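# Remarks on the overall topology
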Amino acid sequence: AVVSTQSTGTAGYCASKANRRVEVIIRPPAKVEVELGDTISIVCAAHGHGTQDPLVYWEKGIGASHKEKGKRLGPTSIGKSVYYVEAAEKDDIDNYRCVIEDCCGVKERIDVEVVVPEATCEDVYGVGHVVFGATWAFRNWTEAVEDCASKGLELAMPKNDAENEELRADLEKSFLTHPNAAKFAHENWCWLGASDEEEEDVWRASLDNSILEYYNWDKKQPDNKPAVDETFPESQNVAGIHRGTGRWDDSYKHYQRPYACLCAPQDK
């Protein structure tokens, strides 16, 4: 059982142990990539110096942003806990947290993403044929542009209503089938390859800097909200698409969102 930090005895004990500390001796990796059917085995361990070994347990379902309250998994161990799955299924592909809790209730949290290969543009996981291959990972706008380019592709940028609907449909189809997508249930926006960073209200394609001739802005968009603070001094200079409605919004470049790349012609 976890000792309550509210009890006078515990508070006194904790205050008297100035030199006590907990050392993480096996820190799980930030990301673990598996194939469906693979074994998942993730070790998290810590040792108490000047105090007893801490409780160690896992939480599942902390969301794509790692800010949601996860479900605590059993059992709770002392000093070391292994998250183990004999054969990974779609439901096991999620974000997890190892919680290390000392006897005074002080916690250290270590987040772990369990993912399957992105397989952008491939007919895997039941997604079927796609023109736009989704990537269910949090990246800022610049990283999304660079990731597509590293694959010899371009960040999705529809040029007409038909392409916009194709993109929306491919995003939704991938969201419903790709194991990496489930953790993005509360994330509706995906990046588009468009920016007006060079000149306000002149939207250009990230691929070749050409001026856009097609738009599908949502109501009252783009609204070019000002900079958040001095840490992120830019206004809303890049575009995103709502995977449900297909409407566009302007956004901050530093935001983290999933995205899709336009697949090469031979992948169509």
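Here's what I pulled together on the structure shown here. (Residues numbered from 1 in each chain as written. Predicted model: local features only at pLDDT ≥ 70, side-chain atom pairs only at ≥ 80, totals over all residues. Heavy atoms only, no water.)

Between Gly74 and the following residue, Pro75, the backbone shows a cis peptide bond with an omega angle of -5°. For Pro75, the position within the fold is in strand S5 (residues 71-78). Between Gln221 and Pro222 the backbone carries a cis peptide bond, its omega angle lying at -5°. By the element assignment, Pro222 lies in the loop between strand S12 (204-205) and strand S13 (238-242). Positioned with a positive phi, His66 is a non-glycine residue whose angle comes to about 65°. Overall, the relative accessible area of 23% leaves His66 in the partly exposed class. We note that Lys220 has phi near 65°; this positive angle belongs to a residue other than glycine. Relative to the helices and strands, Lys220 is located in the loop between S12 and S13. (Helix = DSSP H or I, 4+ residues; strand = E, 2+ residues; numbered from the N terminus. Buried < 20%, exposed > 50% of the residue type's maximum accessible area, 1.4 Å probe, protein only.)

One open sheet holds the three strands; their spatial order is S1-S3-S6, and the pairing between them is antiparallel. Pairing within the sheet leaves two strands with one partner each, and these edge strands are strand S1 (21-26) and strand S6 (80-85). Ignoring strand direction, the axes of neighbouring strands in this sheet form an average angle of 20°. In this sheet, strand S3 (residues 40-49) lies alongside S1 in antiparallel orientation, the contact comprising five bridges. Paired with Val22 across the two strands is Gly48, which belongs to S3. (Pairing = 2+ DSSP bridges. Axes fitted to C-alpha atoms, helices over the stretch in contact; angles between N-to-C directions.)

Let's shift gears to the sheet that holds strand S8 (residues 107-115). Reading across from one edge, S2-S8-S7-S4-S5 is the order of the five strands in this open sheet, with mixed pairing throughout. The open sheet is flanked by strand S2 (31-33) and S5, the only strands paired with a single partner. In this sheet, neighbouring strand axes are inclined to one another by 20° on average, regardless of whether the strands run parallel or antiparallel. As defined by bridge partners, strand S4 (residues 55-60) adjoins S5 across five bridges and the pair is classed as antiparallel. Paired with Lys60 across the two strands is Lys71, which belongs to S5.

Buried together is how nonpolar side chains tend to be arranged in soluble globular proteins. Ranked by size, the top nonpolar core spans 24 residues in total, and within it Leu167, Leu171, Leu192, Leu212, Ile241 and Trp248 carry the most contacts. If you list the elements that add at least two residues to this core, you get strand S9 (132-139), helix H3 (161-177), strand S11 (189-195) and S13. Counting residues in hydrophobic clusters, the runner-up holds 21 residues, among them Cys44, Val56, Val85 and Tyr96. (Core = buried A, V, L, I, M, F, W, Y, C linked by side-chain atoms within 4.5 Å.)

Here we take up the pairing of strand S7 (residues 95-101). Within S7, seven of the seven residues are buried, which leaves it mostly tucked inside the rest of the structure. Here S7 shows no split at all, with Asn95, Arg97, Val99 and Glu101 on one side and Tyr96, Cys98 and Ile100 on the other all buried. Two elements, S4 and S7, share six bridges in a ladder whose sense is antiparallel. Within the sheet, the bridge partner assigned to Lys60 lies in S7 and is Tyr96. Direction of pairing for S7 relative to S8: antiparallel, over a ladder of seven bridges. Considered in S8, the bridge of Asn95 is made with Glu113. Linkage of S7 to S8, two consecutive antiparallel strands, is achieved through a turn of five residues, within which Gly105 is found at a positive phi near 85°.

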